[in-house]
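# Examining the three-dimensional arrangement
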Amino acid sequence: MQHLTVELIGYAAAAASLYAANSKTIIPLRYAAIAANALAMIYSFNHGTYPTVMLNAVLLPINAVRLHAMIKLIRDVDAAAKSDMNIDWLLAYMRPKEFKAGEEFIRRGDIANEAFYILSGEVEIVEIRKTVGSGTLLGEIGLFTDDGRRIMTARCKTDVRAATITYDRFKELYFQNPQFGFYLLRLVVARLHGNELQFAAMPSPPK
């Protein structure tokens, strides 16, 4: 390969690396990193610096896998926001937790710091006398309240197996890609709208 062409490839690799370092969101960063890895491999190979070739040969598939995972996450969140609010896509970022029948794992007025995804069992939302089961996300609204407190109480009607995710993890996913936060907000708005309809359908107390 001609010397000038090789040097131009080297400059392009440096430019891609600089763009990746200054990118504020994860998807453009990964694209730029992949381009930088590929260009750096070509440049290093032509200069005979084989350790650099090997380094970038390892980094390129890692960046490709991470990029694919983030793109899949965004697509799954988008599909969930447009469908039945199923969020199985979030399980990879959660940890398991179990509760006994009668236990209140969300209490109105408590400080909120995590959300829960019900895997099995039944949970009563006390204030609206609504029972929910597997596939339901609870406690995510506290992430958006002014004072960060719970607005409803969730009590286990049966033994419950759930998965939890901290608000810090939610925020981490948001900062990696703000589009995630946009779709999460859509899910929350849909939940609030559903609760509003539930309140409206409740019978008025006797006078």
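These figures come from a predicted structure and were not determined experimentally. (Residues numbered from 1 in each chain as written. Predicted model: local features only at pLDDT ≥ 70, side-chain atom pairs only at ≥ 80, totals over all residues. Heavy atoms only, no water.)

### A look at the sheet that holds strand S1 (residues 95–99)
On the basis of which strands lie adjacent, the open sheet formed by 4 strands has the order S1-S8-S3-S6 and antiparallel pairing. Of all strands in the sheet, those with a lone pairing partner are S1 and strand S6 (137–138), marking the two edges. Pairing analysis gives 5 bridges linking S1 to strand S8 (residues 160–166), with the strands arranged antiparallel. Residue phenylalanine 99 lies in a different strand from S8, and its bridge partner there is valine 160. (Pairing = 2+ DSSP bridges. Helix = DSSP H or I, 4+ residues; strand = E, 2+ residues; numbered from the N terminus.)

### Here's the deal with the packing of aromatic side chains
Per the counting criterion, the structure on display carries 5 aromatic pairs. Ring geometry for phenylalanine 45 versus tyrosine 50: centroids 6.0 Å apart, planes at 70°, classification edge-to-face. Phenylalanine 45 sits in the exposed class, given a relative accessible area of 53%. Aromatic pair phenylalanine 99 and phenylalanine 116: ring centres 5.8 Å apart, planes at 70°, arrangement edge-to-face. (Phe/Tyr/Trp six-rings, centres within 6.5 Å; stacked < 30°, edge-to-face > 60°. Buried < 20%, exposed > 50% of the residue type's maximum accessible area, 1.4 Å probe, protein only.)

### Focus: the packing of helix H1 (residues 3–22) against helix H2 (residues 26–47)
Two numbers describe how H1 lies on H2: the axes approach to 8 Å, and their chain directions differ by 155°. Taken together, the axis directions place H1 and H2 in an arrangement best described as roughly antiparallel. The two elements H1 and H2 cross, and the hand of that crossing is left-handed. Touching Val6, Glu7, Ile9, Gly10, Ala12, Ala13, Ala16, Ser17, Tyr19 and Ala20 of H1 are Pro28, Leu29, Ala32, Ala33, Ala35, Ala36, Leu39, Ala40, Ile42, Tyr43, Asn46 and His47, all from H2. In the contact of H1 with H2, the residues fall into 17 nonpolar, 4 polar and 1 charged. (Axes fitted to C-alpha atoms, helices over the stretch in contact; angles between N-to-C directions. Parallel < 35°, antiparallel > 145°, perpendicular 65-115°, else oblique. Left-handed = near helix turned anticlockwise from the far one by under 90°. Contact = heavy atoms within 4.5 Å. Nonpolar A, V, L, I, M, F, W, Y, C, P; charged D, E, K, R; others polar.)

### Section: the nonpolar core
Residues Met70, Leu90, Met94, Ala115, Ile165 and Phe170 are the most contacted members of the largest nonpolar core, which totals 21 residues. Elements supplying a minimum of two residues to this core: H2, helix H3 (50–82), strand S3 (114–120), S8, helix H4 (167–176) and helix H5 (178–201). In this structure, Phe105, Val123, Val132 and Met152 belong to the second largest nonpolar core, which totals 15 residues. (Core = buried A, V, L, I, M, F, W, Y, C linked by side-chain atoms within 4.5 Å.)

It is worth stressing that arrangement in space is one thing and function is another; only the former is reported here.
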